[in-house]
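Now for the letters of each chain:
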Amino acid sequence: MIQQKELELKDISVNSVHPGFVRTDMTMKLGFLSTDEAAKTPVYLVLEAPESLRGAYVWHDGTVLDWFDHTANIYFTTKFARSWVLSSVIVNLKEYIFMWINYILEKVRLPTTNKTL
């Protein structure tokens, strides 16, 4: 990581964190991590990580990944991701469908008039 090399002499650690797929408005509440769960790894890196951890790419569960391993399939090899595929989508599917129906109805709503026949 370029930033880590630039700040090495100042004894500053630079790491990157993937927060995971978090249940927020941006993900339409379809994420598999709560905001509290997603915050655990960044807080760990700031407060408790060893000084030797520098220039790392850290997954939401604390796994340190190799920046250059383009063959790594971390998204669907973790048990967390596999369980999400079934549970989170099914649980949130109803809410997701209703949200899109409401969105479509808002877009196609015809103007109303006060004329009486």
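Residues numbered from 1 in each chain as written. Predicted model: local features only at pLDDT ≥ 70, side-chain atom pairs only at ≥ 80, totals over all residues. Heavy atoms only, no water.

- Of the protein chain, the UniProt comment under Sequence similarities (unreviewed entry) reads exactly: "Belongs to the short-chain dehydrogenases/reductases (SDR) family." (UniProt positions renumbered as here; feature names shortened; annotations may be inferred.)

1. As for the overall build of the protein chain
Moving on, step 1. Summing up its helical and strand segments, the protein chain has four helices and three strands in all.
Moving on, step 2. Counting helices and strands in the order they occur from the N terminus, the protein chain gives α-β-α-β-β-α-α.
Moving on, step 3. When burial is assessed residue by residue, the protein chain has 22% of its 117 residues classed as buried.
Moving on, step 4. Long-range pairs, those at least 24 residues apart, make up 49% of the contacts in the protein chain between residues at least 6 apart in sequence. (Helix = DSSP H or I, 4+ residues; strand = E, 2+ residues; numbered from the N terminus. Buried < 20%, exposed > 50% of the residue type's maximum accessible area, 1.4 Å probe, protein only. Contact = heavy atoms within 4.5 Å.)

2. With respect to unusual backbone geometry
Moving on, step 1. Of note, the phi angle at aspartate 11 is positive, near 60°, even though the residue is not glycine.
Moving on, step 2. Mapped onto the elements of the fold, aspartate 11 is located in the loop between helix H1 (2–7) and strand S1 (16–17).
Moving on, step 3. Backbone geometry at methionine 28 places phi at a positive 55°, although glycine is not the residue there.
Moving on, step 4. With respect to the element layout, methionine 28 can be found in the loop between S1 and helix H2 (35–47).
Moving on, step 5. For methionine 28, a relative accessible area of 29% corresponds to the partly exposed category.

3. Details of the pattern of salt bridges
Moving on, step 1. With the rule as written, the count across this model stands at three salt bridges.
Moving on, step 2. Of the charged contacts in the structure, one is a salt bridge between arginine 54 and aspartate 11, with a shortest N-O distance of 2.6 Å. Here the residue arginine 54 occupies a position in the loop between H2 and strand S2 (57–58), and aspartate 11 occupies one in the loop between H1 and S1, the gap between them amounting to 43 residues.
Moving on, step 3. Taking the shortest distance from any N to any O, the salt bridge between lysine 29 and aspartate 25 comes out at 2.9 Å.
Moving on, step 4. Residue classification places lysine 29 among the partly exposed residues on the basis of a relative accessible area of 34%.
Moving on, step 5. Accessibility expressed as a relative area gives 63% for aspartate 25, which makes it exposed. (Salt bridge = Lys/Arg side-chain N within 4 Å of Asp/Glu carboxyl O.)

4. Observations concerning the environment of lysine 40
Moving on, step 1. Topologically, lysine 40 is positioned in helix H2.
Moving on, step 2. Put simply, lysine 40 and glycine 62 are 22 residues apart on the chain and 8.8 Å apart in space, counted from C-alpha to C-alpha.

5. Quick notes on the confidence of the model for the protein chain
Moving on, step 1. Across the protein chain, the average pLDDT comes to 77, with 70% of residues at 70 or higher.
Moving on, step 2. Confidence scores differ between elements of the protein chain, with helix H3 (residues 74–77) showing the lowest mean pLDDT of 55 and H2 the highest of 93. (pLDDT = per-residue confidence, 0-100.)

6. Describing the sheet that holds S2
Moving on, step 1. The mixed open sheet is built from three strands, whose spatial order is S1-S2-S3. At either end of the open sheet lies a strand with only one pairing partner, and these are S1 and strand S3 (64–65).
Moving on, step 2. In this structure, S2 lies alongside S3, joined through two bridges in antiparallel fashion. By the bridge assignment for S3, valine 58 is matched with valine 64. (Pairing = 2+ DSSP bridges.)

7. Things to note about a nonpolar patch on the surface
Moving on, step 1. Where nonpolar side chains cluster on the molecular surface, the patch consists of Ile97, Phe98, Met99, Trp100, Ile101, Tyr103, Ile104, Leu105 and Val108 and spans about 820 Å² of accessible area.
Moving on, step 2. By the secondary structure assignment, leucine 105 is in helix H4 (residues 79–108).
Moving on, step 3. The class of leucine 105 is partly exposed, set by a relative accessible area of 43%. (Patch = residues over 30% accessible without salt bridge, like charges linked within 9 Å, V, L, I, M, F, W, Y side chains within 5 Å. Areas by Shrake-Rupley, 256 points an atom, 1.4 Å probe, with all protein chains shown as cover.)

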